[in-house]
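Given next are the chains, with one letter for each unit.
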Amino acid sequence: MQPAAARPIPQRGMTKVMSFTAADRSKAMTILAYYLKNVTPHEFYQRLLMALSNRMILSSDVENLLSALEAIGVVTSSAHVAVTNNVPRHCLRCHQPYLERDNSLRSCTIPHVLQQPIGAEVAARAQAPAVICCANPNFATNPDHFQGRHTTLEVNVAYNAINVKTCVERGCFRNVVVRNK
Ligand SMILES: [Zn+2]
Ligand SMILES: [Zn+2]
Ligand SMILES: [Zn+2]
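Since we're looking at a predicted model, the values are computed, not measured.

Enquirer: Lay out the overall build of the protein in plain terms, naming residues and giving numbers.
Expert: Of regular secondary structure, the protein possesses 8 helices and 6 strands. Across the protein, helices and strands are ordered from the amino to the carboxyl terminus as α-α-α-α-α-β-β-β-β-α-β-β-α-α. Looking at the protein as a whole, 5% of its 181 residues qualify as buried. By sequence separation, contacts in the protein at least 24 residues apart represent 57% of the contacts at least 6 residues apart.

Pasting the structure below:
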């Protein structure tokens, strides 16, 4: 019985680079442009995320994708810096600790503050709870007062007296705040 041979790693990226001609480039541009004009940003984003979370995806394809996105300037060096940064940070909006590599467009979430109708109000109006942190909140479709990236910059934060308070008002430790700078 022969020992099992190691599976060869396909070199798809290299083959493509070597066979690239002006006609190939033009065709590839046309296909990409057609694809981008016929997909919603959301669907494109979901497909990419799904593909990257697929464990069967080839390492070479992941590396080729990253190289290509970097080469055309979509992914910048700041992403490299972010994933290697181990400095513990403190968010000046939600006051949670975080590492920059874990930051995302959804990592900082602050819910609206509601006031339940009380006593006579309930009987009189059978009303939904009132949002007291902000005006015009679209509460039915979005329960979040804020959703976005954690931040270490006060200028990025819209403070109020109810649910987005400063570190001083919250009593966060001074040394934690200083470490952001
Ligand atoms: Zn609100
Ligand atoms: Zn935050
Ligand atoms: Zn704080």
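Enquirer: Go over the environment of Cys91, please, and point to the residues and values.
Expert: You can see Cys91 is positioned in the loop between β1 (89–90) and β2 (97–98). As a C-alpha pair, Cys91 and Glu154 span 63 residues in sequence and 9.4 Å in three-dimensional space. The residues contacting Cys91, other than those within four sequence positions of it, are Gln96, Tyr98, Cys108, His150 and Thr151.

Enquirer: Go over the confidence of the model for the protein, please, and point to the residues and values.
Expert: Taken over all residues, the pLDDT of the protein has a mean of 84, while the share at 70 or more is 80%. In this model, residues 1–8 is a region of pLDDT below 50 whose contacts with residues beyond four sequence positions or in other chains number 0 contacts.

Enquirer: Give me the lowdown on unusual backbone geometry, citing residues and values where you can.
Expert: Here the phi dihedral of His95 falls at roughly 65°; this positive angle occurs in a residue that is not glycine. Within the secondary structure layout, His95 lies in the loop between β1 and β2. A count of 18 C-beta atoms within 10 Å places His95 in the partly exposed class.

Enquirer: Report on helix α3 (residues 41–52), specifying residues and quantitative values.
Expert: For an α-helix the count is 3.6 residues per turn, leaving residues at separations of three or four pointing the same way. Over its 12 residues, α3 runs 17 Å from end to end, which matches the ideal 16 Å to within 8%, given 1.5 Å per residue. Among the 12 residues that make up α3, 0 are buried, leaving the element largely open to the surroundings.

Rules of the game
- Residues numbered from 1 in each chain as written.
- Chains lettered and ligands numbered in written order.
- Predicted model: local features only at pLDDT ≥ 70, side-chain atom pairs only at ≥ 80, totals over all residues.
- Helix = DSSP H or I, 4+ residues; strand = E, 2+ residues; numbered from the N terminus.
- Buried ≥ 20, exposed ≤ 12 C-beta atoms within 10 Å, placed from the backbone.
- Contact = placed C-beta atoms within 7 Å.
- pLDDT = per-residue confidence, 0-100.
- Expected span 1.5 Å × (residues − 1).

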